[in-house]
Structure formats: structure tokens, C-alpha cells
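Structural overview
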Amino acid sequence: MRVNGPLAGIAWALIRDVKLAWRNRGDVALVPTFFFVVLMLFPLAVGAERETLARIGPGVVWVAALLSSLLAAHRLFAADFADGTLEQMRLLDAPLASLAFGKIIAHWFTTGLPIVLLSPIAALQYGIAPALIPLLVITLFLGTPILSALTATGAGLTLGLRAGSALLGLLTLPLAAPVLIFGAGALAEARAGLPVDAYVSLLAAGALVALLALPFAISAALKLALD
């Protein structure tokens, strides 16, 4: 197995994880299924009034996206750690951070991207105005990579720990709160006829920082787990 350099490491990890996800199509299908189940539960609690659903809809979509991202966290590092594959990855001629970056992108392809593509259906379900649907798609496209990066960071930090799944949620949920605030806030501002450039810019900047910085934090966490 020859993997030389950061770009080769990113491509190798991305292709490998996407292939593994494709072989386990049930796990991949579980994410959009869970996403829609969460969306269907909220109207049961708050009622089916159209105005209420349209007002809370963006926030519900973002909460469902975050929970769906956490649902797929087990595919990131746990299996590779258990069977020794992660130890072998460390021996490749590629930085561990580049492999972590590839895994983040693979996680987004199998978790975030389906949510982005399905979000117009969710918007119609909650009565969100058709004119706001493109903004919902754009904010999710920018925000879901941040959720994948945060999920991967939490998975790396809790790798090998007892009750790691519970700790993963406790670590990730507070860090993801600003993403949910900016994502849902953009739709609320647009619904009120106010400019949303600041919200979109913050999500774009957050995605850039998360994708560039967090792989190095994940790399350090994985090294600690392997030592």
C-alpha cells in the first residue's frame, strides 16, 4: 500500500471510507431515515399549525442534521482502531492529519451531502417559503462540513475511552451550537426581510477554519489513543 504525500493521503482515506460505506448501504440509508424521523416528531409535540412550523422549521432541520452527523460517528475511527487498521495508517508515508481530512470529507459525503440534497423536501414539509429553500440549501452546504469536522474531532478525542459515545455527544453538542445558531438565524433573518450576508460569511469562514485546523487536532488525538 503506497500512499505518498498529503494529497495522496486525503484521496486514499476518502475513497476507502466511501467504498466501505457503500458496502454497508444500510448504515448509509440509516442517516436520511433518522433525519426524517426527527423531522416528523417535532410537529407531534408543537402542533401542526403552519405558521408555527414555518417559524421553527429551520432550527428543526439543523438539529436533525447535527443528530444525524453524530449517528454516523462510529464509522470514523472506531472500527479501524479495533482491528488495527489505524495503527497501519500511521505507518503510511502521509501525514495522519491528511488521512483525518479525507475521513471528514467521506463522512460528509455519506452524511452531510444527503441531508443537503433532501433539505428541500424537509422545507416543504415545514411550510418554509419556496423562496427561502435555496438559502437553506446553501447554509446546510456550508454548515454540514463543520458538523462533520466537529464530529470527527469528538470521535478522535473519545477513541478507546469507556462510555466514549456519551462523551462524544457532550463534547460535540456545545461546539456545534454556533453553527446551528448561524444556520437557523440566516433563515429567520431572511424570513423577516433582513440581510443574511453576515450569517453566510460566518458559516463559510467556519467551514474553512474547521476543515483546515481540526484535522491536526484529530491527528494529535489519534496519536494519543494509539500510544
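Everything quoted here is computed from the prediction, not taken from an experiment.

Rules used throughout
- Residues numbered from 1 in each chain as written.
- Predicted model: local features only at pLDDT ≥ 70, side-chain atom pairs only at ≥ 80, totals over all residues.
- Heavy atoms only, no water.
- Helix = DSSP H or I, 4+ residues; strand = E, 2+ residues; numbered from the N terminus.
- Rg over C-alpha atoms; globule rule 2.2 N^0.38 Å.
- Buried < 20%, exposed > 50% of the residue type's maximum accessible area, 1.4 Å probe, protein only.
- Contact = heavy atoms within 4.5 Å.
- Lys, Arg positive; Asp, Glu negative; His and termini not counted.
- Charge placed at Lys NZ, Arg CZ, Asp CG, Glu CD.
- Patch = residues over 30% accessible without salt bridge, like charges linked within 9 Å, V, L, I, M, F, W, Y side chains within 5 Å.
- Areas by Shrake-Rupley, 256 points an atom, 1.4 Å probe, with all protein chains shown as cover.
- Salt bridge = Lys/Arg side-chain N within 4 Å of Asp/Glu carboxyl O.
- Phe/Tyr/Trp six-rings, centres within 6.5 Å; stacked < 30°, edge-to-face > 60°.
- Expected span 1.5 Å × (residues − 1).
- Bend = angle between axes of the 7 residues up to and from the residue.
- pLDDT = per-residue confidence, 0-100.
- Core = buried A, V, L, I, M, F, W, Y, C linked by side-chain atoms within 4.5 Å.

Some words on the overall build of the protein chain
- For the protein chain, the count of helices and strands is 9 helices and 0 strands.
- Secondary structure elements in the protein chain, listed N-terminal to C-terminal, are α-α-α-α-α-α-α-α-α.
- Over its C-alpha trace the protein chain gives a radius of gyration of 18 Å, about what one expects of a compact globule, namely 17 Å for 227 residues.
- With respect to the three principal axes, the spread of C-alpha positions in the protein chain is 55 × 35 × 30 Å.
- A total of 227 residues make up the protein chain; the buried ones form 47% of that total.
- Sequence-distant contacts, at least 24 apart, represent 81% of the contacts inside the protein chain between residues at least 6 apart.
- Across the protein chain, the mean location of the 13 positive side-chain charges is 6 Å away from that of the 11 negative side-chain charges.

Concerning a nonpolar patch on the surface
- There is a patch of nonpolar side chains on the surface, built from Val-37, Met-40, Leu-41 and Leu-44 and spanning about 410 Å² of accessible area.
- Along the chain, Leu-44 falls in helix α2 (residues 25–46).
- Residue Leu-44 is classed as exposed on the basis of its relative accessible area of 72%.

Some words on the side chain of His-107
- For His-107, the location among the structural elements is in helix α6 (residues 96–125).
- With residues near it in sequence (within four places) discarded, His-107 still touches Ser-69, Ala-72, Ala-73, Leu-76, Gly-112, Ser-148 and Thr-151.

Here we look at the packing of aromatic side chains
- For the coordinates displayed, the defined rule picks out 4 aromatic pairs.
- One aromatic cluster in this structure is built from Trp-108, Phe-109 and Phe-141.

Points about helix α9 (residues 197–226)
- With 30 residues, α9 should reach 44 Å at 1.5 Å per residue; the first-to-last C-alpha distance of 43 Å fits that figure.
- By the largest-angle criterion, Ala-213 marks the main kink of α9, which is about 30°, and a proline, Pro-215, follows within four residues.
- All of the buried residues in α9 are Leu-203, Ala-207, Ala-210, Leu-211, Leu-214, Pro-215, Ile-218, Ser-219, Ala-221, Leu-222 and Leu-226.

Concerning the confidence of the model for the protein chain
- The predicted model of the protein chain has a mean per-residue pLDDT of 86, with 98% of residues at 70 or higher.
- For the protein chain, helix α4 (residues 78–82) is the element with the lowest average pLDDT, namely 80, and helix α7 (residues 133–157) is the one with the highest, namely 93.

Digging into the nonpolar core
- Ranked by internal contacts, the top residues of the largest apolar core, which has 61 residues, are Phe-35, Leu-39, Trp-62, Phe-77 and Leu-147.
- For this core, the secondary-structure elements that each account for two or more residues are α2, α3 (50–71), α5 (85–90), α6, α7, α8 (164–191) and α9.
- By residue number, the principal contributor to this core is α7, which donates 11 residues.
- If sequence neighbours within four positions are ignored, Trp-62 has contacts with Leu-136, Thr-139, Leu-140, Gly-143, Thr-144, Leu-147, Val-179, Leu-180, Gly-183 and Ala-184.

Points about the side chain of Asp-17
- Assignment of secondary structure puts Asp-17 in helix α1 (residues 6–23).
- Accessibility expressed as a relative area gives 11% for Asp-17, which makes it buried.
- When sequence neighbours within four positions are dropped, the list of residues in contact with Asp-17 reads Lys-103 and Ala-106.

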